Protein chains: 2
Amino acid sequence: MTRLEILPIEGLPEVEPGDDLIGMLGDCGKIKSLDILVVTQKIISKAENQLVEIDPNDALSHKPLVEKESVRILRRRGELIISETKHGFVCANAGIDLSNVERGQAALLPEDSDRSAQRLRDGLKGRYDLDVAVIISDTFGRPWRRGLTDVAIGSAGISPILDLRGERDALGREMQVTEVALVDELASAAELVMGKSAGIPVAIIRGGDAEWNGEGSVREDLLRDPKDDLFR
Amino acid sequence: MTRLEILPIEGLPEVEPGDDLIGMLGDCGKIKSLDILVVTQKIISKAENQLVEIDPNDALSHKPLVEKESVRILRRRGELIISETKHGFVCANAGIDLSNVERGQAALLPEDSDRSAQRLRDGLKGRYDLDVAVIISDTFGRPWRRGLTDVAIGSAGISPILDLRGERDALGREMQVTEVALVDELASAAELVMGKSAGIPVAIIRGGDAEWNGEGSVREDLLRDPKDDLFR
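Cut-offs used in this document
Residues numbered from 1 in each chain as written. Chains lettered and ligands numbered in written order. Predicted model: local features only at pLDDT ≥ 70, side-chain atom pairs only at ≥ 80, totals over all residues. Pairing = 2+ DSSP bridges. Helix = DSSP H or I, 4+ residues; strand = E, 2+ residues; numbered from the N terminus. Axes fitted to C-alpha atoms, helices over the stretch in contact; angles between N-to-C directions. pLDDT = per-residue confidence, 0-100. Domains from an automatic or database assignment. Contact = placed C-beta atoms within 7 Å. Nonpolar A, V, L, I, M, F, W, Y, C, P; charged D, E, K, R; others polar. Core = buried A, V, L, I, M, F, W, Y, C linked by C-beta atoms within 7 Å. Buried ≥ 20, exposed ≤ 12 C-beta atoms within 10 Å, placed from the backbone. Least-squares fit on C-alpha atoms with pLDDT ≥ 70 in both.

1. What to know about the sheet that holds strand β2 (residues 36-40) of chain B
Here's step 1: In space, the 10 strands of this open sheet follow the order β9(A)-β8(A)-β2(A)-β12(A)-β1(A)-β1(B)-β12(B)-β2(B)-β8(B)-β9(B), with mixed pairing throughout. The open sheet has two free edges, formed respectively by β9 (149-156) of chain A together with β9 (149-156) of chain B, since each of these has just one partner strand. The sheet shows a mean angle of 25° between the axes of neighbouring strands, direction not considered.
Here's step 2: Relative to strand β8 (residues 133-140) of chain B, β2(B) is paired through five bridges, and the arrangement is parallel. Paired with B:Val38 across the bridge in β8(B) is B:Ile135.

2. Quick notes on the confidence of the model for chain A
Segments scoring low in pLDDT should not have their predicted coordinates read at a detailed level.
Here's step 1: The share of residues in chain A with pLDDT of 70 or more is 94%, and the mean pLDDT across the chain is 92.
Here's step 2: With a pTM of 0.95, the predicted complex shows an ipTM of 0.95.

3. Some points on the domain arrangement of chain A
All names here are of chain A.
Here's step 1: Structurally, chain A comprises domain 1 (5-45 + 110-223) and domain 2 (51-109).
Here's step 2: Counting residues at the interface gives 13 residues for domain 1 and 12 residues for domain 2.
Here's step 3: For the side of domain 1 that touches domain 2, the elements supplying multiple residues, two or more each, are α2 (41-47) and β8 (133-140).
Here's step 4: Among the elements that line the side of domain 1 that touches domain 2, the one with the most residues is α2, at three residues.
Here's step 5: A breakdown of the residues in the side of domain 1 that touches domain 2 according to their chemical character gives five nonpolar, five polar and three charged.

4. Looking at the nonpolar core
Here's step 1: Counting 132 residues, the largest nonpolar core has A:Ile135, A:Ala203 and B:Ile135 as the members making the most contacts within it.
Here's step 2: If sequence neighbours within four positions are ignored, B:Ile135 has contacts with B:Ile36, B:Val38, B:Ala117, B:Ala152, B:Ser155, B:Ile158, B:Val183, B:Leu186 and B:Ala187.

5. Considering the interface of chain B and chain A
Here's step 1: Every contact between the two is made by 57 residues of chain B and, on the other side, 57 residues of chain A.
Here's step 2: Taken together, the residues that form the side of chain B that touches chain A break down as 27 nonpolar, nine polar and 21 charged.
Here's step 3: Of the pairings in the sheet, the one linking strand β1 (residues 4-8) of chain A to strand β1 (residues 4-8) of chain B comprises three bridges and is antiparallel in character. Within β1(B), the position partnered with A:Ile6 by the bridge is B:Leu4.

6. Some details on the relation of the copies chain B and chain A
Related by rotation about an axis and a shift along that axis, the two copies of the chain form a pair.
Here's step 1: When chain B is brought onto chain A, the operation consists of a screw motion whose angular component is 180° and whose axial shift is 0.0 Å, with 0.0 Å RMSD remaining. Here the copies are linked by what is in effect a two-fold axis.
Here's step 2: Most of the interface of chain B is mirrored in chain A: 100% of its interface residues are interface residues there too.

7. Description of the sheet that holds strand β6 (residues 90-92) of chain A
Residues and elements named next belong to chain A.
Here's step 1: Read across the sheet, three strands follow the order β4-β5-β6 without closing on themselves; strand pairing throughout is antiparallel. Of all the strands in the sheet, just β4 (70-77) and β6 have a single pairing partner and so form its edges. Sheet twist, expressed as the mean angle between neighbouring strand axes with direction ignored, is 25°.
Here's step 2: Pairing analysis gives three bridges linking strand β5 (residues 80-85) to β6, with the strands arranged antiparallel. Within the sheet, the bridge partner assigned to Ile-82 lies in β6 and is Ala-92.

8. A short note on unusual backbone geometry
Here's step 1: You will see that A:Trp144, though not glycine, has its phi angle at about 75°, which is positive.
Here's step 2: As for its position among the elements, A:Trp144 is in the loop between β8 and β9.
Here's step 3: The residue B:Asp129 is not glycine, and still its phi comes out positive at about 55°.
Here's step 4: As for its placement among the helices and strands, B:Asp129 is situated in the loop between α4 (113-128) and β8.

9. Re the pairing of β9(B)
Residues and elements named next belong to chain B.
Here's step 1: Among the eight residues of β9, eight are classified as buried, and the element is accordingly described as predominantly covered.
Here's step 2: Summarising the sheet, β8 and β9 pair through seven bridges and their orientation is antiparallel. The partner of Val-134 across the bridge, within β9, is Ala-156.

10. Here we look at the environment of A:Asp184
All names here are of chain A.
Here's step 1: As for its position among the elements, Asp-184 is in helix α5 (residues 182-194).
Here's step 2: For Asp-184, a count of 29 C-beta atoms within 10 Å gives the class buried.
Here's step 3: Spatially, the C-alpha atom of Asp-184 lies 13 Å from that of Ala-156, the residues being 28 residues apart in sequence.

11. Focus: the pairing of strand β12 (residues 202-206) of chain A
Residue and element names in this part refer to chain A.
Here's step 1: The element β12 is largely enclosed, with a buried count of four among its five residues.
Here's step 2: Pairing between β1 and β12: four bridges, direction antiparallel. Bridge pairing in β12 places Leu-7 opposite Ile-204.
Here's step 3: Inspection of the sheet shows strand β2 (residues 36-40) paired to β12 by four bridges, in the antiparallel sense. Opposite Ile-36, over in β12, you have Ile-205 as the bridge partner.

In structure tokens form, the structure reads like this:
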């Protein structure tokens, strides 16, 4: 690979429930075949109308939603809940988001982010003949390290994990690192041009390796089975 | 920001203990002022001679080293140990690496990766008048999600965390996400062009935001204090 480019898509309109994201992206004139599109959860949740009314005067009114969206509470501290969502993600407050939505609303995660990614991919191919991979990203915390990073919560047309088993390192030894979380690294890379306060919801990653093409889903391939997880 | 570029530095020689990394990078002709250099732990550990002899015929001969480099064992399963290293990192096998080193050797983490980053930054400035930020990266696993991602274990000339507190989102609401783990996202982005089996140990990130400039260190700013950590 000679270079990877990460390009923000600026100037997209605010997304409203029912909006045609495929048309919005297909018409923006910036996307080429073989691009990887990274789309934030927020606009997917809005377009899919995953919005819930909450009491705008009660800072805790989304908390019952967190419990409802969770299947397993891992930790609580004060108002913070770390839980496993019904989709299988482990994150704070079940991924429910209060920023970049109207006051009095909360945005839930998409029902099935892999399917959302697949629909976008299929729509851009069908209506615009654009052959792109799609990653849906969200911003999660993690143990042990401060700060948040963007990770993938859905994908289509790309291998969620690069499996290097059997490959050799530069000195001919079998690789110790065998599985790279490709879509998470791409989601983090895309966040760098989105700028949380600039509100850019889509980025293009251009120049990726042909080996990255593939099928699979975040939920099936990237989420660790709770029984294999040392921290659940 | 209009675009971010990620460029692998190809053609660097194998690094040996005592090698002059500053000279190697300064002479490669590819680095410009304002670039962010992401350098893998492996070549830092090699140049700083953090290599230890192990029995090449005993697959477990590095295990006593893992215990020695750790201050707290978090989990064990079979041969896998997740521990907190003496530097404060939580990772598998205390970050000790057997790939891309000679048979019979193991590479320990650098003694102080932030200082290693600072030395590289200062050296490139002093000897080549190149004003770059430096991130030392390593490949770590994480709970809940399969696969590994590259994260920062040291940095210089860049804010490890972007603090967005007080900033407003696109709809004027105060930001919910307040701290972005900038150097971890940059480390992940750089990994995408390094290719584990290609053995490219340094990447350039070009086009970064001027707001990213800053001081601070990974150990001081990015590692969560164990007493604030819900999973330790």
